[in-house]
Amino acid sequence: MGEEAKHPIIIGLTGNIGSGKSTVAAFLREMGYPVLDADLLAERARELKRAELKALFPEAFHGEELDRRRLAQVVFSDPERLRALEALIHPEVRRLLWEELARLGAPLVFLEIPLLLEKGWEERLDGVILVAAPLEERLRRVMARSGLSREEVLARERAQMPEEEKRRRATWVLENRGTFEALRAQVWRLLGEIRSRFGLS
Ligand code: ADP
């Protein structure tokens, strides 16, 4: 993102597990704004690069089928192979992103990226919205949604950058500690602020 001459305003949407990213994304869509999902783009990129992936990571395949967990295990312990994976997939994700942006032709687009700040992608975006909520609240929500145990959710939380650190790096923070309606109202207010900051009518 960044090098092309004329591009829409791209705002990243992030937050730790159970913070309410998907909920905010749904509100933004209801309000008429496109929200792209980086995980989905990455999934399409892996699919399009399947042959190259298989050549690089044969041990992560069962026949033609990629085992994503296995792939994650392989690269988790080997920075070199992680770089190889990213060198293959990231350019394809960027290509798919530009394709989507051109197709949408919208002046303002949101991009949901769970690990946005961990990856340091904020520099390439016009701003970052962090959805934040107290840990206990997030644990309760995710346990209710997924059936994961407290320990399992905590393990995922620990693999992410602490929310406090993310607050310092985000452009805007949505505090999701109340009702859905309270969150929706914050999203609406923030949209007004973003539109006026970027001179969108
Ligand atoms: P994330 O995408 O960040 O993991 P979600 O948007 O999926 O988070 O929210 C996690 C769970 O918590 C979902 O089941 C969602 O419906 C619920 N949730 C989110 N915000 C609230 C809220 N303000 N009040 C009650 N439940 C909420």
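Going by the structure above, here's the rest.
Given the structure is predicted, the values throughout are model-derived calculations rather than measurements.

Parameters at a glance
- Sequence order as written defines the numbering, with residues in each chain counted from 1.
- With the structure being a predicted model, the display of local features is reserved for residues of pLDDT at least 70 and the display and counting of side-chain atom pairs for 80 or more, all residues being used for whole-chain, interface and lining totals.
- The side-chain values count all of the structure's non-hydrogen atoms but skip hydrogen atoms and water molecules.
- Angles shown run from 0 to 180 degrees and are taken between the N-to-C directions of axes, each axis being a line fitted to C-alpha atoms and, for helices, limited to the stretch in contact.
- Numbering of helices and strands runs from the N terminus, with a helix taken as a DSSP run of H or I at least four residues long and a strand as a DSSP run of E at least two residues long.
- Every angle not falling under 35 degrees, over 145, or within 65 to 115 is termed oblique; those three ranges are roughly parallel, roughly antiparallel and roughly perpendicular.
- Contacts are residue-level and defined by heavy atoms, with any inter-residue pair within 4.5 Å sufficient.
- Ten residue types, Ala, Val, Leu, Ile, Met, Phe, Trp, Tyr, Cys and Pro, are classed as nonpolar, four, Asp, Glu, Lys and Arg, as charged, and the remainder, Gly among them, as polar.
- Near residues are defined by distance, with any heavy atom within 4 Å of the molecule or strand qualifying the residue.
- Polar contact is the term for a pair of N or O atoms within 3.5 Å; when the atoms are in protein, one must be able to donate a hydrogen and the other to accept it, and sequence-neighboring residues count only if both atoms are side-chain atoms.
- Only the protein chains shown count as covering a residue, and every accessible area follows the Shrake-Rupley method with a 1.4 Å probe.
- Each residue's exposure class comes from its accessible area (1.4 Å probe, protein chains only) as a fraction of the maximum for that residue type: buried when under 20%, exposed when over 50%, partly exposed otherwise.
- Two strands pair under a simple rule: DSSP has to find at least two bridges between them.
- Aromatic rings from Phe, Tyr and Trp, taking only the six-membered ring of Trp, are treated as a pair when their centres fall within 6.5 Å; an angle between ring planes under 30 degrees marks them as stacked, one over 60 as edge-to-face, and anything in between as tilted.
- We count a salt bridge whenever a side-chain nitrogen from Lys or Arg sits within 4 Å of a carboxyl oxygen from Asp or Glu.

For the rest of this paragraph, the subject is the packing of helix 4 (residues 68-76) against helix 5 (residues 79-104). Put simply, helix 4 and helix 5 touch, their axes get as near as 6 Å, and they point 125° apart. With respect to helix 5, the axis of helix 4 lies oblique. Contacts from Leu71, Val74 and Val75 in helix 4 reach Pro79, Arg81, Leu82 and Leu85 in helix 5. Class assignment of the residues belonging to the contact of helix 4 with helix 5 gives a composition of six nonpolar, no polar and one charged.

With that settled, the discussion passes to the site of the ligand. Surrounding the ligand, one finds 13 residues, the nearest of these being Lys21, Ser22, Thr23, Arg145 and Asn176. Taking Ser22, its side chain carries an N or O atom lying 2.6 Å from an oxygen atom of the ligand. Contact distances for the ligand include 2.6 Å between an oxygen atom and a side-chain N or O atom of Thr23. Here the ligand, which alone exposes 570 Å², has 79% of that area covered by the protein. When residues of the shell around the ligand are assigned to their parent elements, the largest contribution, three residues, is made by helix 1 (residues 21-30). Here the shell around the ligand is composed, by residue class, of one nonpolar, nine polar and three charged.

The side chains of a regular strand alternate, residue by residue, between the two faces of the sheet. Here strand 7 (residues 172-175) shows one buried face, formed by Trp172 and Leu174, and one open face, formed by Val173 and Glu175. Strand direction decides the pairing type here: strand 6 (residues 127-132) and strand 7, joined by four bridges, are parallel. Bridged to Leu130 within strand 7 is Val173.

Evaluated as defined, the whole model comprises one aromatic pair. Seen in terms of ring centroids, Tyr33 and Phe110 are 6.0 Å apart; in terms of plane orientation they differ by 85°. Their pairing is edge-to-face. Placement of Tyr33 in the loop between helix 1 and strand 2 (35-37) and of Phe110 in strand 5 (residues 108-112) is noted, with a sequence separation of 77 residues between them. Here the two residues Tyr33 and Phe110 agree in accessibility, since each one is buried.

Our focus in this paragraph is the pattern of salt bridges. Taken as a whole and judged by the stated rule, the model has 25 salt bridges. Ionic pairing is found between Glu99 and Arg95, a salt bridge with its closest N-O pair at 2.8 Å. With Glu99 and Arg95 both in helix 5 and four residues apart, this pair spans about one turn of that helix. By sharing partners, the salt bridges in this structure join Arg138, Glu157, Glu163, Glu164, Arg167, Glu175 and Arg177 into a single network.

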